[in-house]
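Structural features, examined
Here are the chains, one letter per residue:
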Amino acid sequence: MDFSIRAANVEDCKDIARMIRELAEYEKMADHVKVTQRDLEQDGFSKNPFFHGIVAEVPEQHRTKEGHTKIGYALYFYSYSSWAGRAIYMEDLYVMPEFRGKGIGKALMSKVAQLGLAAGCNQLNFTVLDWNKSSVDFYLSQGCFDVTDKIGYHCMRCEGEALEHLAQP
């Protein structure tokens, strides 16, 4: 299949927002999506962006029945490990279902890895739902490992009222 991977731009935010909703539906978490197209535009394309993105695009002749040519994306940001130094975190990796199994997800992930290496990063970090066996198997096949299994770390979060309470002096 003919496709291309390129850096996302502000005009892609409508399609990225659509695919974020699709990913959340697939992960059975649709009610958790709060980010809007406008948030993506502000947070990803301001002077000091909070994230970066890449999109997978197909030619017009391969567009979806709904007319979409942007059929996958990855969002990432740079982070830092106090043990290993520079790192890149892949927040999302998504390919529309009808385009899976064609090397697009691998190409997106490979591009994120390339960007991380070019920036001097020593590791690529991301999360995957434990029930998503096809994704877990894909990541393992790429040489990734399960940090929880191997090292015992768990991903923790503080949000909402708990975050507000924690921020109190």
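Conventions adopted
Residues numbered from 1 in each chain as written. Predicted model: local features only at pLDDT ≥ 70, side-chain atom pairs only at ≥ 80, totals over all residues. Heavy atoms only, no water. UniProt positions renumbered as here; feature names shortened; annotations may be inferred. Helix = DSSP H or I, 4+ residues; strand = E, 2+ residues; numbered from the N terminus. Contact = heavy atoms within 4.5 Å. Disulfide = S-S within 2.5 Å. Expected span 1.5 Å × (residues − 1). Buried < 20%, exposed > 50% of the residue type's maximum accessible area, 1.4 Å probe, protein only. Arc of directions from axis to C-beta. Salt bridge = Lys/Arg side-chain N within 4 Å of Asp/Glu carboxyl O.

1. Examining the UniProt feature "domain: N-acetyltransferase" (unreviewed entry) in the chain
As annotated in UniProt, the feature "domain: N-acetyltransferase" (unreviewed entry) corresponds to residues 18-169 in the numbering used here. With 34% helix and 21% strand, residues 18-169 has its two end C-alpha atoms placed 39 Å apart.

2. Looking at the side chain of Asp12
Tracing the chain through its elements places Asp12 in the loop between strand 1 (4-7) and helix 1 (13-26). Residue contacts for Asp12: discarding those within four places in its chain leaves Arg6, Ala7, Val55 and Lys70.

3. A closer look at the state of the cysteines
The full count for this structure, using the stated rule, is zero disulfides. Residue Cys155 stays outside any disulfide, its sulfur separated by 13 Å from that of Cys158, the closest cysteine.

4. Brief notes about helix 3 (residues 104-118)
Between the first and last C-alpha of helix 3 there are 21 Å, a value that for 15 residues agrees with the 21 Å anticipated at 1.5 Å per step. Along helix 3, the residues classified as buried are Ile104, Gly105, Leu108, Met109, Val112 and Gly116. Down the axis of helix 3, the sector holding all buried residues measures 140°, keeping them to one side. Exposed side of helix 3, more than 90 degrees from the buried face: Leu117 and Ala118 are the residues found there. In this structure, the buried residues of helix 3 make contact with strand 1, strand 2 (52-57), strand 3 (70-81), strand 4 (85-95), strand 5 (123-125) and helix 4 (133-141). The first or second residue beyond helix 3 is Gly120, which carries a positive phi of 85°.

5. Considering the pattern of salt bridges
Once the charged atoms of two side chains with opposite charge are near each other, the side chains can pair. Taken as a whole, this structure holds nine salt bridges when the rule is applied. In this structure, Arg18 and Asp15 form a salt bridge, with 3.0 Å as the shortest nitrogen-oxygen distance. Placement of both Arg18 and Asp15 in helix 1 is noted, with a separation of three residues, approximately one turn of the helix. A relative accessible area of 10% places Arg18 in the buried class. One salt bridge in this structure joins Arg63 and Glu60, with 3.1 Å as the shortest N-O distance. Judged by its relative accessible area of 44%, Arg63 falls in the partly exposed class.

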